[in-house]
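# Tertiary structure, described
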Amino acid sequence: METAKVTGERIKSYLSTGKRFDGRKQDEFRDITIETGISEKAEGSARVKIGNTEVIVGVKLSVSEPYPDSPNKGNLMVTSELLPLSSERFESGPPKFPAIELGRLIDRAIRESKFINLEKLCIKEGEKVWSVFIDIYSINYDGNLIDAAGIGAILSLKTAYLPKYDQENEKVLYGEHTDQKIPLSEELPIVITSHKIGGNIIVDPTIEEEDVSETRITIGGSVEGKLFSIQKGGIKEITVEEMDKLLEMNDNARKKVYSQIKKYL
Amino acid sequence: MTFKRSDGRGIEEMRPIKAEVGVVPNADGSAIFSFGKTVAIAAVYGPRKMHPQHQQDPEKGKLRCNYNMLSFSVDDRIRPGPSRRSTEISKITEWALEPVLLIEKYPNLVIDVHINILQADASTRCAGINAAALALAHAGIPMKNLVSSVSIGKLDKQLVVDVDKEEEDFEEGEGSTDIPITMTPEGDITHIQLDGKISIEELKEVVQLAKKSVKKIYEVQKKALKESVKL
């Protein structure tokens with residue numbers, strides 16, 4: 001069900017006095033619950049809950065040809081499916097824009113941060129490389145799927161092991177995991193999305209808050225304050241001053257999220 | 001040492017900008033916009049009745065953008081038809097334009113903006129947005145203002161305005177960071193994206209630089225519109 005107009009108005013008027021429906025501060029996340037290794041078949045996997053929002057993310061690896069423009073690098077593919085089981089708002093069928101965008105937002109944060117050392121995933125230059133597939137599924141949608149997916153993606157990568165590869169028969173032996181992990185860098189990309197509602201900026205919106213959001217800015221960045229990817233969405237403009245404030249808040253939220261998830265990394 | 005750009009441009013110098021409206025006679029509004037070798041053409045059809053009917057919104061009209069690259073606009077042929085990338089840029093373009101559009105004047109209607117990239121040398125989404133803003137104005141759709149779009153690049157540590165393909169592929173030092181930004185002439189941000197690596201302070205500088213640069217583009221757009229009106 002769409003959020004009723006009167007609820008939207010109430011959210012806005014509450015926010016103008018600095019309050020949110022669930023009593024959170026503007027830069028405060030809901031509780032984050034994490035479980036890794038949720039799939040026996042995936043090379044790495046994670047379940048991330050932010051409040052009532054839940055996603056599961058799995059990493060699969062396979063051996064394939066490199067792209068012609070990067071013959072010595074492994075491939076990375078991030079896709080997402082917004083499952084009809086996770087919300088009455090999602091329908092089956094070919095992916096619509098929100099699902100496509102979700103995959104691309106996470107893809108870019110991971111790719112641009114060079115979190116995965118793709119060169120080390122080259123088996124034979126120009127011929128064989130590892131392909132990393134990160135697949136995101138929504139299980140319950142109550143706002144902020146993007147940030148949950150981002151956390152899920154880095155956790156599944158962190159916990160993944162390469163399967164055995166039979167060079168002679170050119171076959172991946174799934175189920176026979178090596179103790180080799182995916183080569184990752186220290187610079188961990190954490191995706192945090194800020195929303196502008198009325199004149200206020202918040203993070204981690206619930207579904208109702210997301211419905212009344214006018215502008216959304218998703219930033220993939222490190223705890224050290226380096227930014228790797230940004231995307232603005234939504235139908236309203238944002239002033240340079242608001243943007244400056246948003247950047248500070250976004251950075252603070254990232255540090256807090258990191259302290260919550262670091263024990264799983 | 002001062003930073004040298006591959007084509008000898010100054011740090012804040014854009015490639016030659018060209019803008020012209022009324023290039024597609026069939027359309028209600030149209031424009032062509034180019035940054036050097038990057039050429040975008042945009043055509044507006046509408047406001048017209050929204051089909052399918054269930055997508056009609058009785059409260060406001062809908063802006064529907066469609067960004068498409070011609071298969072031969074780049075070195076390696078692009079497979080024709082929509083891709084994940086083009087789907088995203090189409091939506092980004094809608095978001096970049098909608099803040100200045102008085103779309104609520106057109107309940108149940110749709111305004112279609114078709115953007116085609118004829119030739120690509122980076123910054124195609126910016127050229128597309130600039131062409132689209134012009135085409136909408138040319139179509140006489142009521143707007144609060146135009147928007148202008150530019151890509152700011154960070155090559156290693158140096159900020160530059162209007163990134164071309166060679167700069168997009170820059171790999172020395174910290175490599176290349178590409179930040180396409182769209183703003184109103186007053187400097188409000190209607191679109192921003194970023195790929196690469198940058199600090200928060202540097203990003204604030206980028207925004208200021210963009211604010212300065214979009215003013216120049218705005219003047220060219222305004223001139224193109226004025227020239228289309230015979231006095």
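Residues numbered from 1 in each chain as written. Chains lettered and ligands numbered in written order. Predicted model: local features only at pLDDT ≥ 70, side-chain atom pairs only at ≥ 80, totals over all residues. Heavy atoms only, no water.

## Thoughts on the overall build of chain A
Scanning chain A for helices and strands turns up five helices and twelve strands. The C-alpha radius of gyration computed for chain A amounts to 19 Å, which stays within 12% of the reference 18 Å derived for 265 residues, consistent with globular compactness. Expressed along its principal axes, the backbone C-alpha trace of chain A runs to roughly 65 × 35 × 35 Å. Burial analysis of chain A (265 residues in total) assigns 53% to the buried set. Contacts spanning at least 24 positions in sequence make up 68% of the contacts within chain A whose residues lie at least 6 apart. Carbon and sulfur atoms form 48% of the exposed surface of chain A, whose accessible area is close to 12000 Å². (Helix = DSSP H or I, 4+ residues; strand = E, 2+ residues; numbered from the N terminus. Rg over C-alpha atoms; globule rule 2.2 N^0.38 Å. Buried < 20%, exposed > 50% of the residue type's maximum accessible area, 1.4 Å probe, protein only. Contact = heavy atoms within 4.5 Å. Areas by Shrake-Rupley, 256 points an atom, 1.4 Å probe, with all protein chains shown as cover.)

## Some points on the packing of helix H2 (residues 97-113) of chain A against helix H3 (residues 145-158) of chain A
Residue and element names in this part refer to chain A. With their axes 10 Å apart at the nearest point, H2 and H3 run at an angle of 50° to one another. The angle between H2 and H3 places the two elements in the oblique class. Note that H2 runs across H3; the crossing there is right-handed. For the pair formed by H2 and H3, the contact residues are Leu 102, Leu 105, Ile 106 and Ile 110 on the first element and Leu 145, Ile 146, Ala 149, Gly 150, Ala 153 and Leu 157 on the second. (Axes fitted to C-alpha atoms, helices over the stretch in contact; angles between N-to-C directions. Parallel < 35°, antiparallel > 145°, perpendicular 65-115°, else oblique. Left-handed = near helix turned anticlockwise from the far one by under 90°.)

## Some words on the environment of Gln 221 of chain B
All names here are of chain B. Locating Gln 221 in the fold gives a position in helix H4 (residues 200-228). On the basis of relative accessibility, which here comes to 0%, the residue Gln 221 falls in the buried class. Residues within four places of Gln 221 in sequence aside, it is in contact with Phe 33, Asn 130, Ala 133, Leu 134, Leu 146, Val 147 and Ser 148. At 2.7 Å, the side chain of Gln 221 forms a polar contact with the side chain of Ser 148. (Polar contact = N/O pair within 3.5 Å; in protein donor to acceptor, adjacent residues only side chain to side chain.)

## What to know about the nonpolar core
The biggest cluster of nonpolar side chains holds 70 residues, and the ones touching the most others in it are Leu 136 and Leu 203 of chain B. Excluding residues that lie within four positions of it along the chain, Leu 136 of chain B makes contacts with Val 44, Leu 63, Leu 97, Leu 101, Ile 111, Val 113, Ile 141 and Met 143 of chain B. In terms of nonpolar packing, the next biggest core, distinct from the first, is built from 53 residues, Val 132, Tyr 141, Leu 155 and Ile 190 of chain A among them. (Core = buried A, V, L, I, M, F, W, Y, C linked by side-chain atoms within 4.5 Å.)

## Examining the sheet that holds strand E1 (residues 17-21) of chain B
All names here are of chain B. The five strands are arranged E1-E2-E3-E5-E4 in an open sheet whose pairing can be described as mixed. Sheet topology places E1 and strand E4 (62-69) at the edges, where each strand pairs with a single neighbour. Pairs of neighbouring strands in the sheet enclose a mean axial angle of 15°, with direction left out of account. Across five bridges, the pairing between E1 and strand E2 (residues 29-35) is antiparallel. Across the sheet, residue Ile 17 finds its bridge partner in E2, namely Phe 35. Packed on one face of the sheet, H4 meets E1 and E2 and runs near 30° to E1. (Pairing = 2+ DSSP bridges.)

## Remarks on the packing of helix H1 (residues 84-97) of chain B against helix H2 (residues 124-138) of chain B
Residues and elements named next belong to chain B. The interhelical angle for the contact between H1 and H2, taken along N-to-C directions, is 45°, at an axis separation of 10 Å. Regarding the angle of H1 to H2, the classification is oblique. Viewed along their axes, H1 and H2 form a crossing whose handedness is right-handed. Contact with H1, carried on its side by Arg 85, Ile 89, Thr 93, Ala 96 and Leu 97, involves Thr 124, Arg 125, Ile 129, Ala 132, Ala 133 and Leu 136 of H2 and no other residues of that element.

## Remarks on the side chain of Thr 193 of chain A
As for its placement among the helices and strands, Thr 193 of chain A is situated in strand E9 (residues 190-197). If sequence neighbours within four positions are ignored, Thr 193 of chain A has contacts with Asn 144, Ile 146, Asp 147, Ile 202, Val 203, Asp 204, Arg 216, Ile 217, Thr 218 and Asn 250 of chain A.

## Quick notes on the interface of chain A and chain B
Listed by partner, the interface residues are 34 residues for chain A and 32 residues for chain B. A combined buried area of about 3100 Å² lies between chain A and chain B, and 57% of that area is made up of carbon and sulfur atoms. Connecting chain A to chain B are six salt bridges. In this structure, the salt-bridge partner of Glu 88 of chain B is Arg 108 of chain A, at a minimum N-O distance of 3.0 Å. Connecting chain A to chain B are 16 residue pairs in polar contact (both at pLDDT 80 or more). Of all the elements in the fold, those that place two or more residues in the side of chain A that touches chain B are strand E4 (75-81), H2, strand E11 (215-221), strand E12 (226-234) and helix H5 (240-261) of chain A. For the side of chain A that touches chain B, the element with the highest residue contribution is E12 of chain A, accounting for nine residues. Of the residues that constitute the side of chain A that touches chain B, the class distribution is twelve nonpolar, eight polar and 14 charged. The sheet contact formed by E12 of chain A and strand E9 (residues 189-199) of chain B spans five bridges and is antiparallel. (Buried area = accessible area lost by both parts, 1.4 Å probe. Salt bridge = Lys/Arg side-chain N within 4 Å of Asp/Glu carboxyl O. Nonpolar A, V, L, I, M, F, W, Y, C, P; charged D, E, K, R; others polar.)

## Side note on the sheet that holds E9 of chain B
The antiparallel open sheet is built from eight strands, whose spatial order is E10(A)-E9(A)-E11(A)-E12(A)-E9(B)-E8(B)-E6(B)-E7(B). Pairing within the sheet leaves two strands with one partner each, and these edge strands are strand E10 (200-203) of chain A together with strand E7 (158-161) of chain B. The average angle at which neighbouring strand axes cross in this sheet is 20°, direction not considered. When strand E6 (residues 148-155) of chain B meets E7 of chain B, the two strands line up antiparallel, connected through four bridges. Paired with Gly 153 of chain B across the bridge in E7 of chain B is Val 160 of chain B. Against the sheet, H4 of chain B makes contact with E12 of chain A together with E6, E7, strand E8 (176-183) and E9 of chain B, and its axis sits at roughly 140° relative to E6 of chain B, the strand it touches most.

## Some details on the packing of aromatic side chains
Applying the stated criterion across every chain yields a total of six aromatic pairs over all chains. Considering the side-chain rings of Phe 97 of chain A and Trp 95 of chain B, the 5.8 Å spacing of their centres and the 75° angle between planes classify their relative orientation as edge-to-face. Here Trp 95 of chain B lies in helix H1 and Phe 97 of chain A lies in helix H2, a pairing that spans two chains. The pair formed by Phe 97 of chain A and Trp 95 of chain B is uniform in burial state, with each residue classed as buried. The ring of Tyr 14 of chain A has Lys 19 of chain A sitting right over it, with the charged end atom 5.8 Å from the ring centre. (Phe/Tyr/Trp six-rings, centres within 6.5 Å; stacked < 30°, edge-to-face > 60°. Lys NZ or Arg CZ within 6 Å of the ring centre and 35° of its normal.)

This is a description of form; function is not addressed.
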